[in-house]
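Structure at a glance
So you can see what is in the structure, the chains are spelled out below.
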Amino acid sequence: MRPRKIKEGIYYVGAVDWNRKLFDALIPLPDGTSYNAYLIKGKEKIALIDTVDPTMTQVLLSYLEDIHQIDFIISHHGEQDHSGAIPIILEKYKSAKVVTNPKGKEILSIHLNIPEDKFIIVSNGEILSLGDKTLKFIYTPWVHWPETMVSYLIEDKILFTCDLFGSHLATSDIFVNDKGLVYDSAKRYYAEIMMPFRNIIQKNLEKIKAYNIELIAPSHGPIYQDPPFIIDAYNDWVNNPPKNIVIIPYISMHNSTHIMVEYLTEKLIEKEIKVEIFDLSSVDIGKLAMALVDAGTIVVGTPTVLIGPHPKVVYAVFLANALKPKAKFLSIIGSYGWSGKTIDILKNMVSNLDMEILDPVLIKGLPKKEDLKLLDDLAEKIYEKHKELGLA
Ligand code: FEO
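Below is a short write-up of the structure.

Conventions we followed
Residues numbered from 1 in each chain as written. Predicted model: local features only at pLDDT ≥ 70, side-chain atom pairs only at ≥ 80, totals over all residues. Heavy atoms only, no water. Pairing = 2+ DSSP bridges. Helix = DSSP H or I, 4+ residues; strand = E, 2+ residues; numbered from the N terminus. Axes fitted to C-alpha atoms, helices over the stretch in contact; angles between N-to-C directions. Phe/Tyr/Trp six-rings, centres within 6.5 Å; stacked < 30°, edge-to-face > 60°. Buried < 20%, exposed > 50% of the residue type's maximum accessible area, 1.4 Å probe, protein only. Parallel < 35°, antiparallel > 145°, perpendicular 65-115°, else oblique. Left-handed = near helix turned anticlockwise from the far one by under 90°. Contact = heavy atoms within 4.5 Å. Nonpolar A, V, L, I, M, F, W, Y, C, P; charged D, E, K, R; others polar.

Turning our attention to the sheet that holds strand 9 (residues 72–74). With respect to topology, seven strands assemble into an open sheet ordered 1-2-7-8-9-10-11, the strand pairing being mixed. Edge positions in the open sheet fall to strand 1 (4–7) and strand 11 (119–121), since each of these has one partner strand only. Each neighbouring strand pair of the sheet contributes to a mean axis angle of 25°, computed without reference to strand direction. As paired strands, strand 8 (residues 46–49) and strand 9 are joined by three bridges and run parallel to one another. Of the residues in strand 9, the one forming a bridge with Leu48 is Ile73.

Spelled out as structure tokens, the structure:
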């Protein structure tokens, strides 16, 4: 395949993975993904920006078939979906050097056995000249691992961001065409991968503010020709308060919890609070993660299995605790047959979440009139709390 031109001297040489269904053997990829690599031909030197997942090495090599020289492999991130083909590229281009930061070197050495003499280490703000094109490196740790950095191609005003601003979207389009589609994919990506690092991302967004950016070229999904589209979305997801939304991930075994979820939903809607319900017996966990980006309150619904919450609820709560969404309130509703420690077990699982726990409603058997009254109270409490924060 011929490298696909982006601008004069700058080419797309990445791989589209139409069939990948899971990332990290965990995260669903309903729309596949891509591993974008870019080639920059300067007057004096040629740089390859990241590589591809090892499973797609042949695609990258086919793009590089007529490229006889690569001087620098810029490694923004050590994770294998971008670094996995570096050893093969080093084999093909014997004099190429891997340009990364100290932490990146450590990670690439451990995971890919790249020899010491193959590295060029750059510091934050350092520049690398390719002749008529100049790359400036900006450390942006924790988007997604500690070594992540981005680079700015000064003359062309392109920011290469690797994971940051990415979207898991397989498409033959190099540039964003369908903004709605890319927004959803980028939000899913942010929710699943970036959300736990919200506070650090905030600082990284500040760092790139100073740059005049015409294109943002991530290493997953299409290139942004309208950078504010994705930067503004990140600012919203990272910095803005949560919205007047309650999400209810739940599971029900004998209908009690289901009745409670439906009743609470009705009461919340009457108060003009948006509700999103996720039946955990068949949920796309990525959709739940997306909903966590904006939710003001999370209400977990569970029956009692033996002495504790349903295992599928445990999984969802574990995930929410890991993703650290910005919701402000949490409650638990559900049922039990004879006894149990459901509330205590779930409360102990959310140590990462900076949320006020609103009085849980755990009832015996099918909900009775007095039980539903407790749900009225919970709906009212959520409304008051949202109002206090200016969400409602
Ligand atoms: Fe796309 Fe963190 O790798």
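Time to look at the packing of aromatic side chains. Considering all chains together, one arrives at twelve aromatic pairs under this definition. Measuring from ring centre to ring centre gives 5.9 Å for Tyr12 and Tyr38, while their planes differ by 80°; the resulting arrangement is edge-to-face. In this pair, Tyr12 sits in strand 2 (residues 10–12) while Tyr38 sits in strand 7 (residues 38–41), placing the two residues 26 residues apart along the sequence. Taken as a pair, Tyr12 and Tyr38 share a single burial class, namely buried. Considering the side-chain rings of Tyr183 and Phe229, the 6.4 Å spacing of their centres and the 55° angle between planes classify their relative orientation as tilted.

This part takes up the packing of helix 9 (residues 285–294) against helix 10 (residues 311–323). Their axes nearest at 11 Å, the elements helix 9 and helix 10 cross at an angle of 45°. By the angle between their directions, the pair helix 9 and helix 10 is classed as oblique. In the packing of helix 9 onto helix 10, the handedness of the crossing is right-handed. Seen from helix 9, the contacting residues are Ile285, Leu288, Ala289 and Leu292; seen from helix 10, they are Tyr315, Ala316, Leu319, Ala320 and Leu323. Residues belonging to the contact of helix 9 with helix 10 are distributed by class as follows: nine nonpolar, no polar and no charged.

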